Amino acid sequence: MLLKSYSKEILRPECNPGFESVHCIAHLEQDISAVLPYLNAVLGGFEYLKDPPAVIFRSQGKLITVHGDKIAINALRDEDEADKILEWLQREINEAWENREDIEPSYEGAPKPKLIEILKLLPKTNCKECGEPTCMVFAARMAEGAKGPKDCPPLGVENKRRLEEYMSQFKFDP
Ligand code: SF4
């Protein structure tokens, strides 16, 4: 087992302590740098940083960054949610390490959707029905995986189908 233990720190943003979401940093008691390219290969990280190594995942509006000595997670509902994500990551880290001989390590982030490809299928009326100020902002949110074709109410059937097909090539949730 590579990652045996960690200590968890729960933080509230200092600029707005009343803000509902919390951040979590898990300080790892073992250095897991060596597993990061394998973890990235298995879970399809959104981004992979080489020096120092870190892999970034985006999942359900959260940003999860796994470093060699710590894991940072933002936009959590509460401590319970932090515990569930950390337990899941610990399992994934240890499985990737145990199976590393069968995994091709990856030093790149997963392919990302192109903002322009999304934008050209949107109505481009800036009607704000999606809650975003412009179609461009909506397209950027979709490229990050935070929005989907269903979130643009005026989108026609054919373009919705094409956008769903385009977006289905990309993986957002580990
Ligand atoms: S709802 Fe669709 S058309 Fe309207 S601003 Fe949002 S992305 Fe653009």
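Quick notes on the rules
Residues numbered from 1 in each chain as written. Predicted model: local features only at pLDDT ≥ 70, side-chain atom pairs only at ≥ 80, totals over all residues. Heavy atoms only, no water. Near = heavy atom within 4 Å. 1 Å grid on protein atoms, 1.4 Å probe; cavity = no way out; pocket = protein on both sides within 12 Å on 5 of 7 lines; lining within 4 Å. Sits in = over half its atoms within 2 Å of the grid points. Nonpolar A, V, L, I, M, F, W, Y, C, P; charged D, E, K, R; others polar. Salt bridge = Lys/Arg side-chain N within 4 Å of Asp/Glu carboxyl O. Buried < 20%, exposed > 50% of the residue type's maximum accessible area, 1.4 Å probe, protein only. Phe/Tyr/Trp six-rings, centres within 6.5 Å; stacked < 30°, edge-to-face > 60°. Helix = DSSP H or I, 4+ residues; strand = E, 2+ residues; numbered from the N terminus. Lys NZ or Arg CZ within 6 Å of the ring centre and 35° of its normal. Pairing = 2+ DSSP bridges. Axes fitted to C-alpha atoms, helices over the stretch in contact; angles between N-to-C directions. Contact = heavy atoms within 4.5 Å. Polar contact = N/O pair within 3.5 Å; in protein donor to acceptor, adjacent residues only side chain to side chain. pLDDT = per-residue confidence, 0-100.

1. Quick look at the site of the ligand
Every residue lining the ligand is accounted for by Pro 123, Thr 125, Asn 126, Cys 127, Lys 128, Glu 129, Cys 130, Cys 135, Phe 138, Cys 152, Pro 153 and Pro 154. One can see that the ligand is located within the largest cavity. Of the residues contributing to the shell around the ligand, the split by class is 8 nonpolar, 2 polar and 2 charged.

2. A short note on the pattern of salt bridges
Summed over the entire model, instances satisfying the criterion amount to 13 salt bridges. Here Arg 77 makes a salt bridge to Glu 81, at a shortest N to O gap of 3.4 Å. Here Glu 81 falls in the buried class, since its relative accessible area comes to 9%. In this structure, the salt-bridge partner of Lys 120 is Glu 117, at a minimum N-O distance of 3.1 Å. Among the charged side chains, a salt-bridge network with shared partners connects Glu 132, Arg 141, Glu 144 and Lys 147.

3. Overview of the packing of aromatic side chains
Both the distance between ring centres and the angle between the ring planes are used here to describe each pair of aromatic rings. Inspection of the entire model under this criterion finds 2 aromatic pairs. Taking the centre distance of 6.0 Å and the plane angle of 85° together, the rings of Tyr 48 and Tyr 107 count as edge-to-face. Of this pair, Tyr 48 sits in strand S3 (residues 47-50) while Tyr 107 sits in the loop between helix H2 (79-98) and helix H3 (115-119), and the two are 59 residues apart along the sequence. Judged by relative accessible area, Tyr 48 falls into the buried class, the value being 11%. Pairing Tyr 166 with Phe 170 gives two aromatic rings, centres 5.3 Å apart and planes at 70°, and the pair type is edge-to-face. Taking relative accessible area as the criterion, Tyr 166 reaches 17% and is therefore assigned buried. Seen from the ring of Trp 97, Arg 100 lies directly overhead, with NZ or CZ sitting 3.8 Å from the centre.

4. Examining the sheet that holds strand S2 (residues 22-28)
Here we have 6 strands laid out as an open sheet, ordered S1-S2-S6-S5-S4-S3, and antiparallel in their pairing. Lying at the two open borders of the sheet, with one neighbouring strand each, are strand S1 (6-11) and S3. Taking each pair of neighbouring strands and ignoring which way they run, the sheet shows an average axis angle of 15°. Summarising the sheet, strand S4 (residues 53-59) and strand S5 (residues 62-67) pair through 6 bridges and their orientation is antiparallel. In the sheet register, Phe 57 faces S5, and the bridge partner there is Ile 64. On the sheet, helix H1 (residues 36-43) packs against S3, S4 and S5 and is oriented at approximately 25° with respect to S4.

5. Observations regarding the side chain of Asn 94
Inspection of the secondary structure puts Asn 94 in helix H2. Judged by relative accessible area, which is 7%, Asn 94 ranks as buried. Reaching out from Asn 94, the side chain makes a polar contact with the backbone nitrogen of Leu 2 at a distance of 3.0 Å. Reaching out from Asn 94, the side chain makes a polar contact with the backbone nitrogen of Leu 3 at a distance of 2.8 Å. Each residue touching Asn 94, except ones within four places of it in the same chain, is listed here: Met 1, Leu 2 and Leu 3.

6. Quick notes on the confidence of the model for the chain
As a note on interpretation, predicted positions should not be read in detail where pLDDT is low. Summarising the model, the chain shows a mean pLDDT of 91, and 94% of its residues fall at 70 or more. Averaged pLDDT values for the elements of the chain fall to 89 in S4 and rise to 96 in helix H5 (residues 157-167).

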